Amino acid sequence: MAFNYYFLSLLLLLVSSSSSLLCFSLTTVSISHTSDQTLVCALTNTSHLHCTSLQINPIRFSLTGTLRNRRFSGVVSGNGFVCGLRSPLGSNTSTVICWRFSGNGANMSYKRIYKGPELKELEASTSRICGVEKVTSLTRCWQPVSPPPRSGNYDSIALGDDFLCGLSKPPGNIICEGNITNVPSEDSFIAIAAGSRRACAITADNDVKCWGERSTTTTSPPSEKFSALALGENRSCGVRSVNGTVTCWGSNNNNNGFSLPQRLENISFASIYAKGSIFCGVAKANYTLFCWGDDENVFAPFRDQPLLPGPCRKECPYGPLPGSVSLCGNELMVCDSMNIVLVPDTPRGQGQQQDSKDKTWSGKNIAFLVVGCVGTCSLLLVVGFLVYKSQCRCRVHDSGRLDDNRIIVDINEPKLEKRLSSLASLGNHGQLVEFSIEELAKATDGFSAQFQLGIGSFGIVYKAVLSDGRHVAIKRAELTNPASSGITRIRNRREDNDSAFVNELESMSRLNHKNLVRLLGFYDDAEERVLVYEYMANGSLADHLHNPRLEPLTWEKRLTIALDAARGIQYLHDFAVPPVIHRDIKSSNILLDATWTAKVSDFGLSQMGPTEEEDVSHLSLRAAGTLGYIDPEYYRLQQLTTKSDVYSFGVVLLELLSGHKAIHMNEEENPRNVVDFVVPYILQDEVHRALDRRIPPPTPYEIESVAHVGYLAVECLVPCGRERPSMAEVVSNLEKALAACLAAPETEPLSRSASN
């Protein structure tokens, strides 16, 4: 019984500590400084972001555009900037938008610095912002960082002026990068905070341990128990775990002792925040914000308006803050860190004399224990039964009940096998290696998320190293879950996967060109469809055009990549027998190898085009592709020709010129098509106004080449497919543009029309 007591107590500690950190991993109040202003930003009870200066007569700072009506999940600030995090429920993505502001609040221009996988953590120092991805726990940073942060498996992070500290899943250890010393080596911390040159953490026993730069004014934390910390410049404050009141220590700007203003001493706080010399806290009683600094002055910058004391969550394992459900709405809540269950301290030698009341389980605890054990055993039995069934599953070819999930396994098997047999008869099937699923699973650690590169036409792509040392990309068909999807949906998805799988085999097994990604082999059975490709070390063109962490491509390199890709598509149209129409040309399907050679990839939607002998000009097919790249004529008439690929390539050319995605957000955060944005400038001979501003403007002779590519893109995008150039003409014009870009300034100028 004693073993069970301590085991369950430890389990409660682990769960409660982890949950506490999770619930407070995003901040909902931030403090920023300029030369003459302190700006406080906070999320109101409607999750809208509001900012105001901290002074007797505060200045309200208005957010620009439609963002004033957007809901945010968290907010962070540094010197002269504030950033809001948006993570809409169910989207699994996050967006970080930052504003720069002037002292009088007149200038609040903004920029989106991130849109990608969902972030569970966002922190800022005086000059940089870092976040932690929810799924992978990878650390991302924006603003100049030297050296860049390691991709540590951090659950939460804290930023100083020139260091970053990360905490693993609590109770865990702390790793620091940058200029900070005396980092603790223990493995028992549950929360972390940082000031400009110093950091502190809360242990599993709710004690505080600090490290980093010490000065003559540095004060050690009091010997009390804390549930939250905030660190400023040579000063700190902590929320007592016993009652939620705050105590402060350290020194103020006059090198006197820093303390909490007397009028706040008896107020319980749900959360506290700090930056520089200013601290702010959200009171538990009515969720209003109080701020304080060097003197006894206390500010209420939002005039008793209720604010979010923490991020809104779907669940709180140890209970929500009272009234927070009404603050968040949508049945969300803010978690209460004061309800953490801790293991009571037992002095050595007194274990035998502990009060029997502390050791005895109540009837409710016993009931919870019994229910938990029964539930766990039931879960294990169900999992065991499913594993057994998966091992005994066999192919089913006869007809039967439509609600029998077994039919889903091979419902398309005769059709698929027929196509595979037809593929083998082409004579090139034998050139591919037939891998074992065991080797591919081993190379990807069981298809682990940490090896994921992206998502292709029919599944997830993984990076792997085979047993012979070859670096490859493995594309695995997305598996469907009968328990979460209807039979019709699973059948349709399986048909799409099978079609994409065979399309790639049919196309890639007989194509061989230096500007097409090479297929090395495959694996297929009733359960799995896997393709193995050569590995492209420099990722996709989309990565280098749209990822702010990567160095932008020069004009010369952009034109070279465009020419490589065009040659690959020309090969498909003019030299493959029968010709191949790709149907999904886009920047993310143009990959770059270690030498920056561009290659076209992902033939899951490709179709064999009509030959000259067939005397037909198009294929009648339902439109397929990617939004923003699909040929409008193909979409409208459902008539597929090689000119549909030409249109899509024209969109890629506009991406290369502008640096914008095919569908991107404009300055007002509204969706915009790159064709609608760039083409008018080209037609007005003002292409320079639409060029990518991440790189220097083209030189006088580079601008001629760039403008020529703009004219070529416009011709690729004309509404009538017959009037678009062929890929052979596209290649010829890109060769001229690249030659002019590399030539001396006195080279004969290019004509305005790409077709001349």
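Computed from a predicted structure; not experimentally measured.

## A short note on the pairing of strand β6 (residues 81-86)
Of all the 6 residues making up β6, 6 are buried; the element is thus mostly covered by neighbouring parts of the structure. The turn linking strand β5 (residues 74-78) back onto β6 is made up of 2 residues, and Gly-80 within it adopts a positive phi angle of 85°. Pairing between β6 and strand β7 (residues 93-100): 6 bridges, direction antiparallel. Each residue of the ladder has a partner; that of Gly-84, found in β7, is Ile-97. Here β6 hands over to β7 after 6 residues, with Gly-90 in that stretch at a positive phi of 85°.

## Describing the state of the cysteines
Per the stated rule, a full pass over the model turns up 8 disulfides. Between Cys-200 and Cys-210 runs a disulfide, and the two sulfur atoms are separated by 2.0 Å. In this structure the cystine formed by Cys-200 and Cys-210 twists about its S-S bond by roughly 105°; its chirality is therefore right-handed. One end of the pair, Cys-200, is in strand β16 (residues 198-203); the other, Cys-210, is in strand β17 (residues 208-212), with 10 residues separating them in the sequence. Take Cys-200: its relative accessible area is 2%, and that puts it in the buried class. Put simply, Cys-312 and Cys-328 are joined by a disulfide, and their sulfur atoms are 2.1 Å apart. With the S-S dihedral at roughly -85°, the linkage between Cys-312 and Cys-328 falls on the left-handed side. On the criterion of sequence distance, the pair formed by Cys-312 in the loop between β24 (298-299) and α2 (324-328) and Cys-328 in helix α2 is long-range, its members being 16 residues apart. You can call Cys-312 partly exposed: its relative accessible area is 22%. For Cys-328, a relative accessible area of 6% translates into the label buried.

## Here we look at the packing of aromatic side chains
Summed over all chains, the structure comprises 8 aromatic pairs. Between Phe-269 and Trp-292 the ring centres are 6.0 Å apart and the planes differ by 55°, which places this aromatic pair in the tilted class. In this pair, Phe-269 sits in strand β21 (residues 269-275) while Trp-292 sits in strand β23 (residues 289-292), placing the two residues 23 residues apart along the sequence. With a relative accessible area of 1%, Phe-269 lands in the buried category. Consider the rings of Phe-447 and Tyr-462, whose centres lie 5.4 Å apart with planes at 65°: the pair is edge-to-face. Linking Phe-447 in the loop between α7 (437-443) and β26 (452-455) with Tyr-462 in strand β27 (residues 459-465), this pair joins segments that are 15 residues apart in sequence. Accessibility assignment for this pair places Phe-447 and Tyr-462 in one class, buried.

Definitions and limits used
Residues numbered from 1 in each chain as written. Predicted model: local features only at pLDDT ≥ 70, side-chain atom pairs only at ≥ 80, totals over all residues. Heavy atoms only, no water. Buried < 20%, exposed > 50% of the residue type's maximum accessible area, 1.4 Å probe, protein only. Helix = DSSP H or I, 4+ residues; strand = E, 2+ residues; numbered from the N terminus. Pairing = 2+ DSSP bridges. Disulfide = S-S within 2.5 Å. Phe/Tyr/Trp six-rings, centres within 6.5 Å; stacked < 30°, edge-to-face > 60°.

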